[in-house]
Amino acid sequence: MKKIAVLLFIFTLALTANSNVQIKGIVKDYLKYPVKGAELTLVEQKQKVQSDDFGNFFFSNVKTGTYSLKCTKEGFNSVLVENIVVLKDSTVNVEIRLTNGKPEVVETKKYSDLVLELKKERVLSKEKKQAVTPVGIEECELAETMDFDMSSAMFAPATGAPPAPPGIYSGGIDGEAPINHNTEEYSTISENNFKKVKDTPVSTFSIDVDAASYANMRRFINQNQMPYKDAIRIEEMINYFDYDYKYPEGDVPFAINTEISECPWNKANRLVHIGLQGRKMEQGSDVKSNFVFLLDVSGSMDDPNKLPLLKKSFSMLIEALKPTDRIAIVVYASASGIVLPSTEVNEKKTILDALEKLQAGGSTAGGAGIKLAYDIAEKYLIKDGNNRIILATDGDFNVGVSSTSELVKMMEEKRNKGIFLTILGFGIGNYKDGRMEEIADKGNGNYFYIDNILEAKKVLVTELAGTIYTIAKDVKIQIEFNPVKVESYRLIGYENRILNKEDFDDDKKDAGELGAGHTVTALYEIVPGTGQAAEKADDMKYQQLDTKPYAYKTNELMFVKLRYKEPKEDQSKLIEHPLKDEGIILEKSSNNFRFSAAVAEFGMLLRESEFKKNSSYDQVLELAKGSLGKDDFGYRAEFIQLVEKAKLLKK
C-alpha cells in the first residue's frame, strides 16, 4: 500500500506521576471538516473509541511504546497510522485526514528525528520571517510581487496557527505551546433574566444588525452538529430576516413598528415585538464610496471555505459596485501590505486580477493590517461620501496587535473619523467569533459570517445597501414599563448590547448602526401586572418613589424612546412612541410577530435556555410554517429545514 505522510503533532506535557501516556487527536475529511463517528482502533491494545461531534478522539492510560492507529468511517477509506512513538509522561496528538481512494498507510517518523527536523525548520522559518518587512502606504504596486512564505505559518507557536500540509510536522517542542486543532472561540453569554419593574422600571440597549450568529449556526447544523450554546445570539438570528414593516416618512431614517400578543412558549405571559425599518437608498443614488478591502491571507486561510470563497465573494461585490466607487486592497499575513492602491471600480479588470493573485501563507499580523487599512481609508476619505473598511478573516490574529482589548482601543480611536467597518467571517476550526463581534461593535460596524456562496450573495449583493451604507448611527432604545400593567420583563437576546440608563442621553456613548433598508427587531417577554403597582422595597431610609396616577388611567403598557445620530452628525435626535396592548391572540397576530417568535424560540432551544418553558421544535415548526409570508429568496423556507434537521439531531 502507498505510504504517505500524515499530519502528526507531538508535544510533551506533565501529566501525573505514573508512566502512562495519552493519544488524542482529530479526524477530518479532505476539505478539513471534522468527521463525527469515525471508529479509531489502537491496534496493539485493541482499544476502540469514536470521534465526537467535532471530530475529536482520546485514548487514555496508554503505556509507552510504539503503536499503530486504524481509523475507519463508512463512506471513507480506512487510514492506518503506523510507528506512533510515545515517550514517558507525554501526550501524542494525531490528525487524521480521511480521503477517497485506496486505503492509506501512514508511517510516522521517530521522535528524535522529528525534533531535529523541527529545530532545523524553525531556524529557516525565523530567517525568512526576519526578511519580510511591512509595506508603507507609499510603497504600493505590490500586486505582482507580494509573496508570503508558508514556512513562517507552519511553525508559528501561537494557538490557531494553520494546519501544516501533508508531510509537515508542527508542534510543541522545546516548550512551545501545541496547536489546538479546534480553537474556535465564542464569548460567554449570560442570558438576560426577568427584572421586576418596581426595582428596574427602565430597560436600555443598543441595536444590533449583525447576522453572523445565524449563518454560523446554520453551518453547524448542516454539518450534522448542534452548535455551541455561546455561538447562539438570539437577536442576530431574529435580525437575519427581513420583516414586512412600514417604511419611514419624511426625514426620519427609520419607522417604529410594534405589536403585542401571547407568548407562544408561556401562554401566561405576553410577548412584545418592536421593529425598526430603515429607509431604502434612493434609486440611482450618486453617493460615492471609498472602500478598503482588508483581506486575511495568512496560512490559516488556506482552506476551500476561506480564501477561495473569499475571492468569489469579493468578485461578486466588485461587480455590484458603481463605476465611480474606489477600492484599495490591503492584505496581511506575516506582514501587511498594499496589493492594490485606491482604484476606481471602472478599472474592474485591474481590481479582479489583483484579487485573484492572492495566496495564503504566513502568520497573522492582523493589528498591523487594520492600522494600514485605516490609514489608506483616511488618505482617500470622501467627505460627503461612504467610507468603509471591509475586513475578511477567520479572526485568528496572533502577530502584532493581537489582543482584543488593543484592537478595540484602536477601533474606538478610528471610528470618529467617519470610517465605518464591515467584518466578514470565514472558515471553521480556528474561528474567533467573539473577537470579531466585539471589533465590529466598537468600530462603528456590522458583522456577518460567510459559510457559503449564497450567503455571500445575500450580504454583498442582495442586501448590499444595508451592508455598506449607514443611514443612522449610535441607535439606542430605552423602554419605560408601566408598573401597573407589567410586573416583570425580560429582553430576549442583546446580552452584550445592554446599556446603563444614563447611557441613553449620553451622546458620547457608542451604540449600533442601521444600514439602508435594514430591519432591526427586538422582543420582550413580559409578566402582566395585577392592575396595582407593586410597592417599593420598604427598607429605603431616605426616599420613596410613588407611581403616578396616570399609570392607572392609561392602557399604555410601555413607553418606547429611541435616540440616533445622522451618519455625519455628533448630536442625537429623539423619537418617542407609546405602546398599548390591544389583547390580540397569537392566531390573529401578524406574520412578523409569529415568525420572529419562532426564531427566538428556536434560539432558546439551541441554547437550552432556562427560560424556554414549553418550547418545542414542533411548536417552532408550526409557528414558522404558518408565518412564511413573502419569501422571495427562500430564507424562511431554509429556516424550517434547519429546525427539522436540529429536531432529528436532538433525538
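Residues numbered from 1 in each chain as written. Predicted model: local features only at pLDDT ≥ 70, side-chain atom pairs only at ≥ 80, totals over all residues. Heavy atoms only, no water.

Okay, the nonpolar core next. In this structure, Ile329, Phe602 and Phe639 are the most contacted members of the largest nonpolar core, which totals 109 residues. A per-element tally of this core places helix α13 (residues 591-607) first, with 10 residues. The contact partners of Ile329, leaving out residues within four places of it in the chain, are Phe293, Leu295, Gly337, Ile338, Val339, Leu340, Ile351, Ala354 and Leu355. Within the second largest apolar cluster, 32 residues are counted, among which are Ile389, Met411, Ile428 and Tyr431. (Core = buried A, V, L, I, M, F, W, Y, C linked by side-chain atoms within 4.5 Å. Buried < 20%, exposed > 50% of the residue type's maximum accessible area, 1.4 Å probe, protein only. Helix = DSSP H or I, 4+ residues; strand = E, 2+ residues; numbered from the N terminus. Contact = heavy atoms within 4.5 Å.)

Moving on, we come to the confidence of the model for the chain. Put simply, the chain has an average pLDDT of 80, and 78% of its residues get 70 or more. For the chain, per-element mean pLDDT is lowest for helix α2 (residues 151-154), which scores 27, and highest for α13, which scores 98. For residues 101-180, every residue scores under 50 in pLDDT, and the model assigns this stretch 164 contacts once sequence neighbours within four places are set aside. (pLDDT = per-residue confidence, 0-100.)

Within the fold, Gly337 resides in strand β17 (residues 336-344). Along the primary structure Gly337 and Gly369 are separated by 32 residues, whereas in three dimensions their C-alpha atoms are 7.4 Å apart.

Strand order in the open sheet made by the five strands is β11-β22-β24-β14-β13, with antiparallel pairing throughout. The open sheet is flanked by β11 (195-196) and β13 (254-262), the only strands paired with a single partner. Bridging between β13 and strand β14 (residues 270-278) involves nine bridges; their strand directions are antiparallel. Counted as the bridge partner of Phe254 is Gly278 from β14. Against the sheet, α13 contacts β13, β14, β22 (486-492) and β24 (519-528), and its axis sits at roughly 110 degrees relative to β14. (Pairing = 2+ DSSP bridges. Axes fitted to C-alpha atoms, helices over the stretch in contact; angles between N-to-C directions.)

Turning our attention to unusual backbone geometry. The phi dihedral of Asn224 falls on the positive side, at around 65 degrees, and the residue is not glycine. With respect to the secondary-structure elements, Asn224 resides in the loop between α3 (212-222) and α4 (234-238). Owing to a relative accessible area of 48%, Asn224 belongs among the partly exposed residues under this scheme. You will see that Glu608, though not glycine, has its phi angle at about 50 degrees, which is positive. Residue placement: Glu608 occurs in the loop between α13 and α14 (617-625). On the basis of relative accessible area, Glu608 is assigned to the partly exposed category, the value being 42%.

Our focus in this paragraph is the pairing of β22. For β22, the tally of buried residues reaches six of seven residues, placing the bulk of the element in the interior. Relative to β22, β11 runs antiparallel, the two sharing two bridges. In the sheet register, Lys196 faces β22, and the bridge partner there is Ser488.

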